[in-house]
Amino acid sequence: MTTYLITKPPLTHLKQLSTSLGLYEHAQINMPRTAHGYCVDDVARGLVLLCHETELDEDSAELVDVYLEFVLKAITSKGLCHNRMNDNGNWTDAASTADCWGRAVWALGVAAVHAPNRRQRSQSLGGFRTLTKTSTRDLMSLTFATLGAGEVLLAYPDEHGARRIVLAAQSRLLPLDESAEWFWPEPRLRYSNGSIVQAVLLAGLALNDPSTILTGIRMLEFLIKVETTQDHFSVTPVGGRGPQDVKSAFDQQPIELAAIASACAQAWAITEDSKWLVEIERAWNWFQGSNDVGSLMFVPETGGGYDGLHLRGPNLNQGAESTISMLTTAQHAFQLATSR
């Protein structure tokens, strides 16, 4: 099998999907579908990706400001968040505390700690504080918010909004029954499942709670077992996966691999157990063809990520979510390779 990890996939396609306003959500093959507009969900993911990049060229550095401004504009004074903007720059939805709120908290929390310059970090922390005036009842929105709140709490232990979110995660994201074989907080896996594990691990780290960390490790072991067929990942399809569902179902989404890789990177940072490095490599190998179909899941020359894996091969459209998911997984794998 050919490997493309000698150099990281470029950000060429991500830049092609981006404008001075934001990041287009969808693509027809490699061309932006401008009529579908922009969304905070994807711009937030892009901001997290760029804040974790060790080297940014001039164009990529400018995108940090574009993405940051987009997320900040989405926030209302009451701490709610819009998600969808049309091609004319107008919000088309009501502000809420749905997933977009959680992803905005995530992105601004990461940027408040890791953005390239002080101005960006200060603006991000201000936006984070506005968002955390409120809270969410949705489990996935809380999950994403914890990924930002945990970062902020580790850097700024007196941030009460961050602590409140992390404490909520500690009580709501743990398994329904810690003695049961199905070691998960919901009766079915849904999407971005590794993010739940990463949030639990980060909550345990931020609260200095070894018990929560141990639970997160057990959840990650459970998730990897469920998401594995033979020697490769066969991740949860769009329709979800329950205890009785067979493996190798479609279509499989790249976001699942990015979430697993991120959870494993968090586990490695806490435990330094090399088995998590192996799982990061396996997640990246999924994009390189070590999957149920044996299909390459990205364009090495441009860094465009394919939108999903079907029984007959990939969906060749290269939207923002899938592109960022591939780049995020590559980022973890590349940092692993260069640190050895």
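Sequence order sets the numbering: in each chain, residues are counted from 1 along the sequence as written. Only residues with pLDDT of 70 or above have their local features reported here, since the model is predicted, and side-chain atom pairs are shown and tallied only from 80 upward, although totals for entire chains, interfaces and linings are computed over all residues. In computing side-chain properties, one takes all heavy atoms of the structure into account and sets aside hydrogens as well as water.

Draft legend 1. How the structure looks around the packing of aromatic side chains. A pair of Phe, Tyr and Trp rings is counted when the ring centres sit within 6.5 Å of each other, with Trp represented by its six-membered ring. The angle between the planes then sorts it: under 30 degrees is stacked, over 60 is edge-to-face, the rest tilted. Counted by the stated rule, this structure contains nine aromatic pairs. Seen in terms of ring centroids, Tyr-24 and Tyr-38 are 4.5 Å apart; in terms of plane orientation they differ by 15°. Their pairing is stacked. Taken as a pair, Tyr-24 in the loop between α1 (12-17) and β1 (27-28) and Tyr-38 in strand β3 (residues 38-39) lie far apart in primary sequence, 14 residues in all. For the exposure calls, accessible area comes from a 1.4 Å probe over protein chains only, and a residue counts as buried if that area is under 20% of its type's maximum, exposed if over 50%, partly exposed in between. Classification of Tyr-24 as buried rests on a relative accessible area of 7%. With 5.2 Å between their ring centres and 65° between their planes, Phe-70 and Trp-91 make a pair best called edge-to-face. Pair noted here: Phe-70 is in helix α3 (residues 58-73) and Trp-91 is in the loop between β4 (84-85) and α4 (99-114), with a separation of 21 residues, a long-range link. A relative accessible area of 24% means that Trp-91 is categorised as partly exposed. Chaining the aromatic ring pairs together yields one cluster made of Tyr-24, Tyr-38, Phe-70 and Trp-91. Cation placement over rings: the criterion is NZ of Lys or CZ of Arg within 6 Å of the ring centroid and within 35° of the ring normal. Lying over the aromatic face of Phe-233, Arg-282 brings its terminal NZ or CZ to 4.2 Å of the ring centre. The secondary structure listing takes helices from DSSP runs of H or I that are at least 4 residues long and strands from runs of E that are at least 2 residues long, numbered from the N terminus.

Draft legend 2. Up close: α4. Helix length check: α4, at 16 residues, gives a terminal C-alpha distance of 22 Å against a target of 22 Å (1.5 Å per residue), a fit within 8%. Within α4, 14 of the 16 residues are buried, which leaves it mostly tucked inside the rest of the structure. A helix is expected to reach a length of 1.5 Å times the quantity of its residues less one.

Draft legend 3. Structural view of the state of the cysteines. Here, two cysteine sulfur atoms that lie within 2.5 Å of each other are counted as a disulfide. For the coordinates displayed, the defined rule picks out zero disulfides. The thiol of Cys-100 is unpaired, and the distance to the nearest cysteine sulfur, on Cys-81, comes to 4.4 Å. Given a relative accessible area of 4%, Cys-100 falls into the buried group.

Draft legend 4. View of the side chain of His-332. In this fold, His-332 is placed in helix α12 (residues 320-339). Excluding residues within four positions of it along the chain, His-332 makes contact with Ala-261, Ser-262, Ala-265 and Ile-280. Contacts were defined at the residue level, with two residues in contact if any of their heavy atoms lie within 4.5 Å.

Draft legend 5. Molecular detail of the packing of helix α9 (residues 210-226) against helix α10 (residues 254-271). One can describe the packing of α9 onto α10 by two numbers: an axis separation of 11 Å at closest approach and a directional angle of 140°. Classified by the angle their axes make, α9 and α10 are oblique. With respect to the hand of their crossing, α9 and α10 are arranged in left-handed fashion. Every residue of α10 that contacts α9 at Ile-213, Ile-217, Leu-220, Leu-223 and Ile-224 is listed here: Ile-260, Ala-263, Cys-264, Ala-267, Ile-270 and Thr-271. Amino acids are sorted into nonpolar (Ala, Val, Leu, Ile, Met, Phe, Trp, Tyr, Cys and Pro), charged (Asp, Glu, Lys and Arg) and polar (every other residue, Gly among them). Among the residues forming the contact of α9 with α10, the class breakdown is ten nonpolar, one polar and no charged. Note on geometry: axes are lines fitted to C-alpha atoms, helical ones only across the stretch in contact, with angles between N-to-C directions running from 0 to 180 degrees. With respect to orientation, any angle under 35 degrees is reported as roughly parallel, any angle over 145 as roughly antiparallel, any angle of 65 to 115 as roughly perpendicular, and every other angle as oblique. Left-handed describes a crossing whose near helix is turned anticlockwise from the far helix through less than a right angle; right-handed describes the clockwise counterpart.

Draft legend 6. A look at the pattern of salt bridges. Throughout this description, the term salt bridge denotes a Lys or Arg side-chain nitrogen within 4 Å of a carboxyl oxygen of Asp or Glu. Enumeration according to the criterion identifies 15 salt bridges in this entry. Close ionic contact of Glu-186 with Arg-190 constitutes a salt bridge, the shortest N to O distance being 3.0 Å. Assessed through its relative accessible area of 32%, Arg-190 is described here as partly exposed. One salt-bridge network, in which partners are shared between bridges, spans Asp-41, Asp-99 and Arg-103.

Draft legend 7. Structural detail: unusual backbone geometry. Omega for the peptide link from Phe-250 to Asp-251 comes to 0°, which places this bond in the cis form. Tracing the backbone through its elements, the reader meets Asp-251 in the loop between β6 (232-233) and α10. Even without being glycine, Gln-230 reaches a positive phi, approximately 55°. Along the chain, the position of Gln-230 falls in the loop between β5 (228-229) and β6. Judged by relative accessible area, which is 73%, Gln-230 ranks as exposed. For Glu-272, which is not glycine, the phi torsion reads 60° and is therefore positive. Among the structural elements, Glu-272 can be located in the loop between α10 and α11 (275-287). For Glu-272, a relative accessible area of 61% corresponds to the exposed category.

Draft legend 8. Representation of the side chain of Glu-186. When you line up the elements, Glu-186 lands in the loop between α7 (160-172) and α8 (193-206). A relative accessible area of 15% means that Glu-186 is categorised as buried. Residue contacts for Glu-186: discarding those within four places in its chain leaves Leu-139 and Leu-176.

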